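Analysis of the macromolecular model
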Amino acid sequence: MLTDFQRQLREKYLQTPTTHAPEPWERVTDPLISIGGLIGVGFAPHPETRRDLLLVISSDGRGLFDPATGEKLDRDRDPDWSTPDNPELTCPGIGPLAGTSIRISGLFGGGLNTTSGDGWTVSVVSPDWPHHRILLSTDGGLNRGPAEVNWWHIFHADYSELRAAGFSPSGRTLAVATSSDITLWNRPDVYQPARHFRTHV
(Lines give C-alpha, C1' and ligand atoms only; values in the text may rest on other atoms or scores of the structure.)
Protein backbone atom coordinates (compact mmCIF):
# COMPACT_ATOMS: atom_id res chain seq x y z
CA MET A 1 0.00 0.00 0.00
CA LEU A 2 1.37 3.42 -0.98
CA THR A 3 1.96 6.09 1.62
CA ASP A 4 0.70 9.65 1.05
CA PHE A 5 4.26 10.72 0.22
CA GLN A 6 4.64 7.94 -2.35
CA ARG A 7 1.33 8.86 -3.96
CA GLN A 8 2.32 12.52 -4.16
CA LEU A 9 5.69 11.62 -5.66
CA ARG A 10 4.10 9.33 -8.21
CA GLU A 11 1.60 12.00 -9.23
CA LYS A 12 4.37 14.59 -9.52
CA TYR A 13 6.30 12.41 -11.97
CA LEU A 14 3.17 11.44 -13.93
CA GLN A 15 2.12 15.07 -14.36
CA THR A 16 5.55 16.39 -15.41
CA PRO A 17 5.98 16.54 -19.20
CA THR A 18 9.31 15.93 -20.90
CA THR A 19 11.44 19.00 -21.44
CA HIS A 20 14.83 20.00 -22.82
CA ALA A 21 17.85 19.38 -20.63
CA PRO A 22 19.18 22.62 -19.10
CA GLU A 23 22.32 24.41 -20.21
CA PRO A 24 25.09 23.50 -20.75
CA TRP A 25 23.59 20.22 -22.01
CA GLU A 26 22.74 20.04 -25.70
CA ARG A 27 20.83 17.21 -27.30
CA VAL A 28 22.99 15.73 -30.04
CA THR A 29 20.62 13.18 -31.53
CA ASP A 30 17.49 14.77 -32.88
CA PRO A 31 16.02 12.67 -34.34
CA LEU A 32 17.06 9.61 -32.37
CA ILE A 33 19.71 7.19 -33.60
CA SER A 34 17.60 4.16 -34.51
CA ILE A 35 19.20 0.80 -33.72
CA GLY A 36 16.89 -2.19 -33.86
CA GLY A 37 17.53 -4.96 -31.36
CA LEU A 38 19.82 -2.82 -29.21
CA ILE A 39 21.39 -4.91 -26.44
CA GLY A 40 23.68 -2.49 -24.62
CA VAL A 41 26.09 0.41 -24.71
CA GLY A 42 29.46 1.29 -23.21
CA PHE A 43 31.80 4.28 -23.12
CA ALA A 44 35.55 4.44 -23.61
CA PRO A 45 37.95 7.32 -24.34
CA HIS A 46 39.56 7.69 -27.75
CA PRO A 47 43.17 6.45 -27.30
CA GLU A 48 44.62 9.64 -28.81
CA THR A 49 42.19 12.50 -28.23
CA ARG A 50 40.69 11.12 -24.98
CA ARG A 51 37.27 12.22 -26.20
CA ASP A 52 34.26 10.06 -25.33
CA LEU A 53 33.39 7.24 -27.72
CA LEU A 54 30.27 5.08 -27.45
CA LEU A 55 30.16 1.41 -28.39
CA VAL A 56 26.68 0.11 -29.18
CA ILE A 57 25.95 -3.60 -29.46
CA SER A 58 22.83 -5.05 -31.02
CA SER A 59 21.56 -8.28 -32.50
CA ASP A 60 23.21 -7.09 -35.73
CA GLY A 61 26.73 -6.56 -34.36
CA ARG A 62 28.63 -3.53 -33.06
CA GLY A 63 28.67 0.17 -33.92
CA LEU A 64 31.01 2.90 -32.70
CA PHE A 65 29.73 6.48 -32.35
CA ASP A 66 31.11 9.91 -31.57
CA PRO A 67 28.63 11.08 -28.92
CA ALA A 68 29.58 14.72 -29.43
CA THR A 69 28.12 14.64 -32.95
CA GLY A 70 26.14 11.39 -33.24
CA GLU A 71 28.38 10.35 -36.15
CA LYS A 72 28.88 6.62 -36.73
CA LEU A 73 32.64 6.00 -36.82
CA ASP A 74 32.76 2.27 -37.47
CA ARG A 75 30.53 -0.77 -37.94
CA ASP A 76 30.98 -4.51 -37.50
CA ARG A 77 28.12 -6.83 -38.44
CA ASP A 78 29.58 -9.94 -36.85
CA PRO A 79 26.84 -11.21 -34.47
CA ASP A 80 29.36 -13.33 -32.55
CA TRP A 81 30.50 -10.18 -30.72
CA SER A 82 27.05 -8.81 -29.97
CA THR A 83 26.61 -10.38 -26.51
CA PRO A 84 28.62 -9.46 -23.40
CA ASP A 85 28.45 -13.00 -22.03
CA ASN A 86 31.47 -12.88 -19.71
CA PRO A 87 31.37 -12.09 -15.97
CA GLU A 88 32.80 -8.60 -16.60
CA LEU A 89 30.06 -7.81 -19.16
CA THR A 90 32.63 -6.58 -21.67
CA CYS A 91 32.82 -6.52 -25.45
CA PRO A 92 35.88 -5.87 -27.63
CA GLY A 93 36.00 -2.46 -29.24
CA ILE A 94 36.19 -1.69 -32.95
CA GLY A 95 37.82 1.08 -35.00
CA PRO A 96 40.03 3.26 -32.78
CA LEU A 97 38.97 1.12 -29.79
CA ALA A 98 40.13 -2.16 -31.36
CA GLY A 99 41.97 -4.23 -28.77
CA THR A 100 40.13 -2.54 -25.89
CA SER A 101 37.59 -4.33 -23.68
CA ILE A 102 34.60 -2.09 -22.98
CA ARG A 103 32.13 -2.60 -20.16
CA ILE A 104 28.58 -2.85 -21.50
CA SER A 105 25.40 -1.77 -19.75
CA GLY A 106 22.08 -3.06 -20.98
CA LEU A 107 19.99 -6.17 -21.35
CA PHE A 108 22.48 -8.40 -19.50
CA GLY A 109 23.05 -6.03 -16.56
CA GLY A 110 25.68 -3.50 -15.63
CA GLY A 111 25.13 0.23 -15.44
CA LEU A 112 26.42 3.57 -16.65
CA ASN A 113 27.57 6.26 -14.21
CA THR A 114 24.60 7.89 -12.48
CA THR A 115 26.60 10.95 -11.40
CA SER A 116 28.87 13.20 -13.44
CA GLY A 117 31.40 13.96 -10.73
CA ASP A 118 30.54 17.67 -10.61
CA GLY A 119 26.95 17.74 -9.38
CA TRP A 120 24.73 16.23 -12.07
CA THR A 121 22.68 13.10 -11.34
CA VAL A 122 20.55 10.84 -13.54
CA SER A 123 17.61 8.95 -12.03
CA VAL A 124 15.26 6.39 -13.55
CA VAL A 125 11.69 6.41 -12.21
CA SER A 126 8.71 4.29 -13.23
CA PRO A 127 5.44 5.81 -11.97
CA ASP A 128 3.65 4.05 -14.85
CA TRP A 129 5.72 0.86 -14.97
CA PRO A 130 6.79 -0.79 -17.25
CA HIS A 131 7.52 2.61 -18.83
CA HIS A 132 10.55 4.51 -17.55
CA ARG A 133 11.27 8.22 -17.19
CA ILE A 134 14.75 9.71 -17.09
CA LEU A 135 15.33 12.62 -14.72
CA LEU A 136 18.40 14.89 -14.75
CA SER A 137 18.98 16.78 -11.51
CA THR A 138 21.32 19.09 -9.67
CA ASP A 139 20.29 18.09 -6.15
CA GLY A 140 21.74 14.60 -5.97
CA GLY A 141 18.64 12.91 -7.37
CA LEU A 142 16.29 14.11 -4.63
CA ASN A 143 14.18 15.95 -7.24
CA ARG A 144 12.85 18.44 -4.73
CA GLY A 145 10.34 21.09 -5.61
CA PRO A 146 8.75 21.72 -8.98
CA ALA A 147 10.28 20.53 -12.24
CA GLU A 148 12.76 22.67 -14.16
CA VAL A 149 14.18 24.28 -11.02
CA ASN A 150 16.74 21.65 -10.04
CA TRP A 151 15.39 18.59 -11.86
CA TRP A 152 14.22 17.95 -15.42
CA HIS A 153 12.21 15.12 -16.99
CA ILE A 154 14.28 14.72 -20.16
CA PHE A 155 13.14 11.36 -21.57
CA HIS A 156 10.12 9.05 -21.45
CA ALA A 157 10.67 5.47 -22.62
CA ASP A 158 7.02 4.71 -23.31
CA TYR A 159 7.52 2.94 -26.65
CA SER A 160 10.59 0.67 -26.15
CA GLU A 161 12.31 -1.08 -23.25
CA LEU A 162 14.94 0.94 -21.42
CA ARG A 163 18.42 -0.58 -21.68
CA ALA A 164 20.66 1.98 -19.98
CA ALA A 165 20.84 5.60 -18.85
CA GLY A 166 23.84 7.49 -17.52
CA PHE A 167 26.99 9.49 -18.02
CA SER A 168 30.30 8.72 -19.66
CA PRO A 169 33.24 8.49 -17.21
CA SER A 170 34.33 12.00 -18.27
CA GLY A 171 30.88 13.39 -17.40
CA ARG A 172 30.68 15.20 -20.75
CA THR A 173 28.15 12.84 -22.34
CA LEU A 174 24.73 11.63 -21.19
CA ALA A 175 23.19 8.64 -22.97
CA VAL A 176 19.80 6.95 -22.87
CA ALA A 177 19.53 3.65 -24.72
CA THR A 178 16.34 1.71 -25.38
CA SER A 179 15.77 -1.51 -27.27
CA SER A 180 15.26 0.52 -30.46
CA ASP A 181 17.38 3.68 -30.27
CA ILE A 182 19.89 5.96 -28.56
CA THR A 183 19.50 9.54 -27.38
CA LEU A 184 22.62 11.57 -26.57
CA TRP A 185 23.32 14.86 -24.81
CA ASN A 186 26.72 16.51 -24.71
CA ARG A 187 28.37 19.49 -23.07
CA PRO A 188 31.63 21.27 -23.87
CA ASP A 189 34.96 20.59 -22.20
CA VAL A 190 34.64 23.84 -20.28
CA TYR A 191 31.31 23.69 -18.51
CA GLN A 192 29.49 25.10 -15.55
CA PRO A 193 29.24 22.57 -12.71
CA ALA A 194 25.76 21.74 -11.52
CA ARG A 195 26.53 23.05 -8.05
CA HIS A 196 26.43 26.59 -9.49
CA PHE A 197 22.73 26.24 -10.25
CA ARG A 198 20.30 27.66 -7.74
CA THR A 199 18.80 25.09 -5.40
CA HIS A 200 15.12 25.11 -4.57
CA VAL A 201 14.23 24.01 -1.05
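Our subject in this report is the structure included herewith. (Residues numbered from 1 in each chain as written. Predicted model: local features only at pLDDT ≥ 70, side-chain atom pairs only at ≥ 80, totals over all residues. Heavy atoms only, no water.)

1. Some words on the side chain of Thr 29
Worth spelling out the cut-off: Helix and strand assignments come from DSSP, with helices taken as H or I runs of at least 4 residues and strands as E runs of at least 2, each series counted from the N terminus. Pairing of N or O atoms within 3.5 Å defines a polar contact, subject to two protein rules: one partner must be a possible hydrogen donor and the other a possible acceptor, and residues neighboring in sequence count only if both atoms are side-chain atoms. Whether two residues touch is decided by their heavy atoms; if any such pair falls within 4.5 Å, the residues are in contact.
With respect to the element layout, Thr 29 can be found in the loop between strand E1 (26-27) and strand E2 (33-34). A distance of 2.7 Å separates a polar atom in the side chain of Thr 29 from the backbone nitrogen of Leu 184. The contact partners of Thr 29, leaving out residues within four places of it in the chain, are Ile 182, Thr 183 and Leu 184.

2. Thoughts on the sheet that holds strand E6 (residues 71-76)
Selection criterion: By definition, two strands form a pair when at least two bridges between them are found by DSSP.
A sheet is described by the order of its strands in space; here 5 strands give the open sequence E6-E5-E4-E3-E9, paired in antiparallel fashion. The open sheet has two edge strands, E6 and strand E9 (105-106), and neither has a second partner. Pairing geometry for strand E3 (residues 38-45) and E9, over 2 bridges, is antiparallel. Opposite Gly 40, over in E9, you have Gly 106 as the bridge partner.

3. Points about the pairing of strand E15 (residues 181-186)
Quick note on the threshold: Exposure classes here rest on a 1.4 Å probe applied to the protein chains alone. A residue is buried below 20% of its type maximum, exposed above 50%, and partly exposed in between.
By the criterion of burial, E15 is predominantly enclosed, with 6 of the 6 residues buried. Across the two faces of E15 the burial is the same, with Asp 181, Thr 183 and Trp 185 and Ile 182, Leu 184 and Asn 186 all buried. Summarising the sheet, E1 and E15 pair through 2 bridges and their orientation is antiparallel. Note on E15: the bridge partner recorded for Glu 26 is Asn 186. When E2 meets E15, the two strands line up antiparallel, connected through 2 bridges. Counterpart to Ile 33 in the pairing with E15 is Ile 182.

4. Notes on the nonpolar core
Grouped burial of nonpolar side chains is what soluble globular proteins tend to show. Defined as follows: By nonpolar core is meant a set of buried Ala, Val, Leu, Ile, Met, Phe, Trp, Tyr and Cys residues that side-chain atoms within 4.5 Å join together.
Ranked by size, the top nonpolar core spans 16 residues in total, and within it Trp 25, Ile 134, Leu 136, Ile 154, Leu 174 and Trp 185 carry the most contacts. Broken down by secondary-structure element, the contributors of at least two residues to this core are strand E11 (132-137), strand E12 (151-157), strand E13 (162-167) and strand E14 (173-178). In terms of residue count, the dominant contributor to this core is E12 (4 residues). Aside from chain neighbours lying at most four places away, what touches Ile 134 is Val 122, Ser 123, Val 124, Trp 152, His 153, Ile 154, Phe 155, Leu 162, Ala 165 and Val 176. Core analysis: the next-biggest nonpolar cluster, separate from the first, contains 14 residues, Ile 33, Val 56, Ala 164 and Ala 175 among them.

5. Here's the deal with unusual backbone geometry
The linkage connecting Glu 23 with the following residue, Pro 24, adopts the cis geometry, with an omega of 10 degrees. Mapped onto the elements of the fold, Pro 24 is located in the loop between helix H1 (4-15) and E1. Following Trp 129, the chain continues into Pro 130 via a peptide bond in cis, with omega recorded as 15 degrees. Secondary-structure assignment places Pro 130 in the loop between strand E10 (121-125) and E11. One non-glycine residue, Leu 89, lies in the positive phi region at around 55 degrees. Mapped onto the secondary structure, Leu 89 falls in the loop between E6 and strand E7 (90-92). One non-glycine residue, Asn 143, lies in the positive phi region at around 55 degrees. Residue position: Asn 143 is located in the loop between E11 and E12.

Function-wise, these values are silent; they only describe arrangement.
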